[in-house]
Amino acid sequence: MPASEDPFVGVLFDVEFGTNLKGLFTECKGFGSSSQVVEHQANNATGHRLIIKAPGVLTWTDITLSKGLTESLELWKWFKLVQDGKMKEARVNGTITLLDHTLKPIAKFSFVNAWPSAIVGPSLSSDSNEFGVEEVRSAHVLLACLK
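Residues numbered from 1 in each chain as written. Predicted model: local features only at pLDDT ≥ 70, side-chain atom pairs only at ≥ 80, totals over all residues. Heavy atoms only, no water.

Peer 1: Got a minute to help me understand unusual backbone geometry in this structure?
Peer 2: For residues besides glycine, phi is generally negative; the peptide bonds are generally trans as well. Phi angles above zero are rare outside glycine, and Leu-103 is one such case at about 70 degrees. Positive phi values are uncommon outside glycine, yet Asn-113 reaches one of about 55 degrees. Residue class for Asn-113 comes out partly exposed when judged on its relative accessible area of 31%. (Buried < 20%, exposed > 50% of the residue type's maximum accessible area, 1.4 Å probe, protein only.)

Written out as structure tokens, the structure reads:
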């Protein structure tokens, strides 16, 4: 019987988008991909109808990252590239690294040609004690787990 393993605790992670956008985020969600299912009907040698299923187009879900609002405007500058139609400059490769409690990397996810498809500023209220949180949603072409 194989030894059981404890699952990773996703409390600490580091995010890098290209060379200029680096930092710690408080939430990271949306890792995933799916393949469309293509069905083809055919008849076998005895004339019975068969449905053959094959993988179709592969798509990746957008990654959504959240962090506390600071003086840094890097996420907003990145999104401005999209607003200005500068997609070549906006597309970057990056990684999200999951860290253990000693800050040792335990899993790394890589993505290609990411660009900010949405950005959301904080909800503000004068009678709140909550931190302002900004959120960026990133579209990308490929997501792979490297470890």
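Peer 1: Any chance you could explain the packing of aromatic side chains here in plain terms?
Peer 2: The description of an aromatic ring pair rests on the distance of the ring centres and on the angle between the ring planes. Inspection of the entire model under this criterion finds three aromatic pairs. Ring plane angle 55 degrees and centroid distance 5.1 Å describe the contact between Phe-17 and Phe-111, whose orientation is recorded as tilted. With a gap of 94 residues between them, Phe-17 in strand 1 (residues 12–17) and Phe-111 in strand 8 (residues 105–120) connect regions that are remote in the sequence. Phe-111 shares its class with Phe-17; the two are buried. Where Phe-31 meets Phe-109, the ring centres are 4.8 Å apart and the plane angle is 50 degrees; that geometry is what we call tilted. A residue pair is termed long-range when its members are at least 10 positions apart, and Phe-31 in the loop between strand 3 (27–29) and strand 4 (33–43) and Phe-109 in strand 8 qualify at 78 residues. Overall, the relative accessible area of 23% leaves Phe-109 in the partly exposed class. (Phe/Tyr/Trp six-rings, centres within 6.5 Å; stacked < 30°, edge-to-face > 60°. Helix = DSSP H or I, 4+ residues; strand = E, 2+ residues; numbered from the N terminus.)

Peer 1: Honestly, helix 1 (residues 74–83) in this entry has me stumped. Any pointers?
Peer 2: In an α-helix, one turn spans 3.6 residues, which is why side chains three or four residues apart end up on the same side. Buried within helix 1 we find Leu-75, Trp-78 and Phe-79. Mapping the buried residues of helix 1 onto a view down its axis gives an arc of 95 degrees, with all of them on the same face. In helix 1, the exposed residues that point more than 90 degrees away from the buried face are Lys-77 and Gln-83. Two residues or fewer past helix 1, Gly-85 is found with a positive phi of approximately 75 degrees. (Arc of directions from axis to C-beta.)

Peer 1: Hey, could you run me through the pattern of salt bridges in this one?
Peer 2: As a working rule, side chains carrying opposite charge can pair if their charged atoms are close by. Within this structure, the stated rule accounts for six salt bridges. Lys-29 serves as the salt-bridge partner of Glu-27, at 3.7 Å between the closest nitrogen and oxygen. The shortest N-O distance in the salt bridge between Lys-67 and Glu-134 comes to 2.8 Å. Highlighted residues: Lys-67 in strand 6 (residues 63–68) and Glu-134 in strand 9 (residues 133–139), separated in sequence by 67 residues. (Salt bridge = Lys/Arg side-chain N within 4 Å of Asp/Glu carboxyl O.)

Peer 1: Would you mind showing me how to read the side chain of Lys-67 here?
Peer 2: Note on Lys-67: relative accessible area 12%, which makes it buried. In this structure the side chain of Lys-67 is engaged in a polar contact, spanning 2.8 Å, whose partner is the side chain of Glu-134. Residue contacts for Lys-67: discarding those within four places in its chain leaves Leu-24, Phe-25, Thr-26, Leu-75, Gly-132, Val-133 and Glu-134. (Polar contact = N/O pair within 3.5 Å; in protein donor to acceptor, adjacent residues only side chain to side chain. Contact = heavy atoms within 4.5 Å.)

Peer 1: Quick question: what am I supposed to make of the pairing of strand 1 here?
Peer 2: Looking along a regular strand, one sees the side chains alternate between the two faces of the sheet. Residues Phe-13, Val-15 and Phe-17 point to one face of strand 1 and are all buried, whereas Leu-12, Asp-14 and Glu-16, pointing to the other face, are not buried. Here strand 1 runs beside strand 7 (residues 92–99); their pairing, made up of six bridges, is antiparallel. Each residue of the ladder has a partner; that of Phe-17, found in strand 7, is Gly-94. Inspection of the sheet shows strand 1 paired to strand 2 (residues 21–24) by four bridges, in the antiparallel sense. Within strand 2, the residue paired with Glu-16 across the bridge is Lys-22. Between the end of strand 1 and the start of strand 2, which pair antiparallel, lie three residues, with Gly-18 showing a positive phi angle near 60 degrees. (Pairing = 2+ DSSP bridges.)

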